[in-house]
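Notes for the structure review
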Amino acid sequence: AKLLGYPPGMAGVQLMSLIGLAGVLELVGGTLVCVGLFTKPVAFILSGEMAFAYFMAHAPHGWLPAMNGGDAAVLYCFVFLFIASAGPGPLALDAMMKKR
């Protein structure tokens with residue numbers, strides 16, 4: 001949404017800003033995790049990005065995620081951390097490349 005402008009609302013984000021960097025990480029990293037390429041390092045980076053987003057944008061408004069609107073950031077942080085520790089599944093490109 002940050003880079004592509006869909007759904008409408010965040011169009012016009014500059015790439016050389018924190019939001020632009022987050023948009024690049026989310027678009028490229030999310031695509032790589034979805035197809036299962038470089039899954040462990042990318043998921044670890046995305047987990048760190050979600051933790052950074054929580055502490056930069058949500059934590060100043062209160063500590064509890066349910067109260068400050070940061071519940072999605074916390075959820076994604078731990079999901080990506082789980083993926084980084086568990087690794088890709090058998091249908092991932094990483095797993096298919098290991099078989100060869």
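Residues numbered from 1 in each chain as written. Predicted model: local features only at pLDDT ≥ 70, side-chain atom pairs only at ≥ 80, totals over all residues. Heavy atoms only, no water.

To continue, consider the overall build of the protein chain. When its secondary structure is counted, the protein chain shows 5 helices and 0 strands. Projected onto its principal axes, the C-alpha positions of the protein chain cover 50 × 30 × 20 Å. For the protein chain, the proportion of its 100 residues judged to be buried stands at 26%. Considering only contacts in the protein chain between residues 6 or more positions apart, those separated by 24 or more positions represent 43%. Of the accessible surface of the protein chain, which amounts to about 7000 Å², a share of 75% is contributed by carbon and sulfur atoms. (Helix = DSSP H or I, 4+ residues; strand = E, 2+ residues; numbered from the N terminus. Buried < 20%, exposed > 50% of the residue type's maximum accessible area, 1.4 Å probe, protein only. Contact = heavy atoms within 4.5 Å. Areas by Shrake-Rupley, 256 points an atom, 1.4 Å probe, with all protein chains shown as cover.)

Locating threonine 39 in the fold gives a position in helix α2 (residues 39-58). We classify threonine 39 as buried; its relative accessible area is 2%. Not counting residues within four places of it along the chain, the set of residues in contact with threonine 39 comprises Ile83, Pro88 and Asp94.

Along the chain, alanine 51 falls in helix α2. Here the alpha-carbon distance between alanine 51 and aspartate 94, two residues 43 residues apart in the chain, equals 25 Å.

Quick look at the layout of surface pockets now. Of the volumes computed, that of the largest pocket is approximately 410 Å³. Lining the largest pocket we find 20 residues, and of these Lys2, Ala22, Glu26, Glu49 and Ala53 sit closest to its centre. Listing elements by their share of the lining of the largest pocket, those giving two or more residues are α1 (18-35), α2 and α4 (71-86). At 7 residues, α2 tops the list of elements feeding residues into the lining of the largest pocket. A per-class count over the lining of the largest pocket returns 14 nonpolar, 3 polar and 3 charged. (1 Å grid on protein atoms, 1.4 Å probe; cavity = no way out; pocket = protein on both sides within 12 Å on 5 of 7 lines; lining within 4 Å. Points joined across faces, edges and corners; volume = space filled by probe spheres on them. Nonpolar A, V, L, I, M, F, W, Y, C, P; charged D, E, K, R; others polar.)

Listed in full, the 8 residues of the largest apolar core are Val33, Val42, Ala43, Leu46, Met50, Cys77, Phe80 and Ala84. The set of elements that each furnish at least two residues to this core consists of α2 and α4. A per-element tally of this core places α2 first, with 4 residues. Contacts of methionine 50, omitting those with residues within four sequence positions, involve Glu26, Ala73, Tyr76, Cys77 and Phe80. (Core = buried A, V, L, I, M, F, W, Y, C linked by side-chain atoms within 4.5 Å.)

The quantities given are spatial measurements derived from coordinates; they are silent on function.
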